[in-house]
Amino acid sequence: MDEAQAQRCSDCSDLLPPPSIELGSVPLALYIHIPWCVRKCPYCDFNSHPLRDSLPERAYIDALLADLDHDLPGVQNRTIESIFIGGGTPSLFSAEAIGRLLTGLSARLTLAEDVEVTLEANPGTVEQDKFSEFRAAGINRLSIGVQSFHPEHLQLLGRIHSREEAWRAAETAHQAGFDNFNLDLMFGLPTQTPAQALADVITAIALEPTHISYYQLTLEPNTLFHKYPPTLPDDDRVWQIQEQGQAELAEQGYAQYEISAYARPGRRCRHNLNYWTFGDYLGIGAGAHGKLSDLTTGAITRLAKTKHPATYLRHSEDSTAVTDIRFLQQAELPLEFMLNAARLLDGVPARLFCERTGLPLQALEPQLTQARTRGLLEPGLERLQPTALGWRFLNELLESFVPE
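Residues numbered from 1 in each chain as written. Predicted model: local features only at pLDDT ≥ 70, side-chain atom pairs only at ≥ 80, totals over all residues. Heavy atoms only, no water.

With three bridges connecting them, strand β9 (residues 255-258) and strand β10 (residues 261-263) associate as antiparallel partners. In the strand pairing of β10, Ala 255 is matched with Ala 263. Hairpin connection from β9 to β10: two residues lie between these consecutive antiparallel strands. (Pairing = 2+ DSSP bridges. Helix = DSSP H or I, 4+ residues; strand = E, 2+ residues; numbered from the N terminus.)

Structure representation (structure tokens):
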């Protein structure tokens, strides 16, 4: 720890980690964005683009590795703890292309021995036929976008797979040797009844994933659903659906640890936990975002890559793929930190604020007092943890940390 870091944390020495943990060392992950999909879903606000022609696999893998080369100077001597390949639909790429990507990453980065490597996958038949090859290429975790098992809801959501394909995708994941995979489920869907929502949860559990993401459909800006809103269940119905789903998941051994994440013991998503504990991450690919801490100066930077795939492919080699670089100001850090940490059911150790931001915990004191007075944050000095009320009304909790 250098003198500057010591000064920033001198006021929270009672909350520092043991001397064997280097203050300011922040875990590092890698996010890779593959932006193409077969068809844009009406609820999707991610940077995804319907595939018009053949996939430019080789050119895009080359661009990803060139993009990474530009970012490497900022992460020298740091170890990658997790890799997440998202989209779009990354499983549209061939296993050969994914293997070439992972080989290129290994040649450039230091990967943890137990690095978690997740690939988002569509349940469609073509994609699941490649699961064994993805496993052989080095993917050790899948995240399968099921969303629903009800034919009517799949059609309303614009999904291109059937209930049967969703079933087979999970079975194929098991057969391919994936002992760790996630299923995505949505609730609060148009026309959805509590019985239908619960049936989706029961069906997902029966397929024995190690992790289930169970989240409410929201109408996001710049989506077809936002422009032409469907009729959604009212708040009371959604709350009933959510509570019964959570109860079933808990009863079957899926512990909730984040707003929309439920896992078997030891199977929490390490990549997402890194986000929620304000860790660092590289972001490569069209529209990818990154967050990096300078462990010497304490500066925290957010980076975004150009969004359109064609533009990204043209400019990745000359480093202009970066379209936005923003240095976080000290006044922003309390909200930036709590936007992530407050998503966790158990919160985070209070000392983590100092470790990840370089600021003393006292920098949070007025906001903490306000949130605790309102009953939104648990009392005590050891953890920053939402109450049940604060978790339910997360936006109200986060308002306490908005800079004036």
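Let us keep going from here.
Most of strand β12 (residues 289-293) sits out of view: four of its five residues are buried. Bridge count between β12 and strand β13 (residues 300-305): five bridges; the pairing is antiparallel. Within β13, the residue paired with His 289 across the bridge is Ala 304. Taking the residues that link successive antiparallel strands as the turn, the β12-β13 hairpin has six residues, and the phi of Gly 298 there is positive, at about 85°. (Buried < 20%, exposed > 50% of the residue type's maximum accessible area, 1.4 Å probe, protein only.)

Bringing the side chain of Gln 147 into the picture now. By the element assignment, Gln 147 lies in strand β6 (residues 141-147). Residue classification places Gln 147 among the buried residues on the basis of a relative accessible area of 4%. If we ignore the near neighbours within four places in the chain, the residues touching Gln 147 are Tyr 43, Leu 157, Arg 159, Asp 184, Leu 185, Met 186, Asp 200 and Tyr 215. (Contact = heavy atoms within 4.5 Å.)

So, about unusual backbone geometry. Cis peptide bonds are those with omega within 30 degrees of zero, and the linkage from Gly 87 to Gly 88 qualifies with 25°. Following the sequence through the fold, Gly 88 ends up in the loop between β4 (79-87) and α3 (95-108). The phi dihedral of Gln 147 is positive, around 75°, even though this residue is not glycine. For Asn 222, which is not glycine, the phi dihedral falls at a positive 65°. As for its placement among the helices and strands, Asn 222 is situated in the loop between β8 (211-216) and α9 (224-227).

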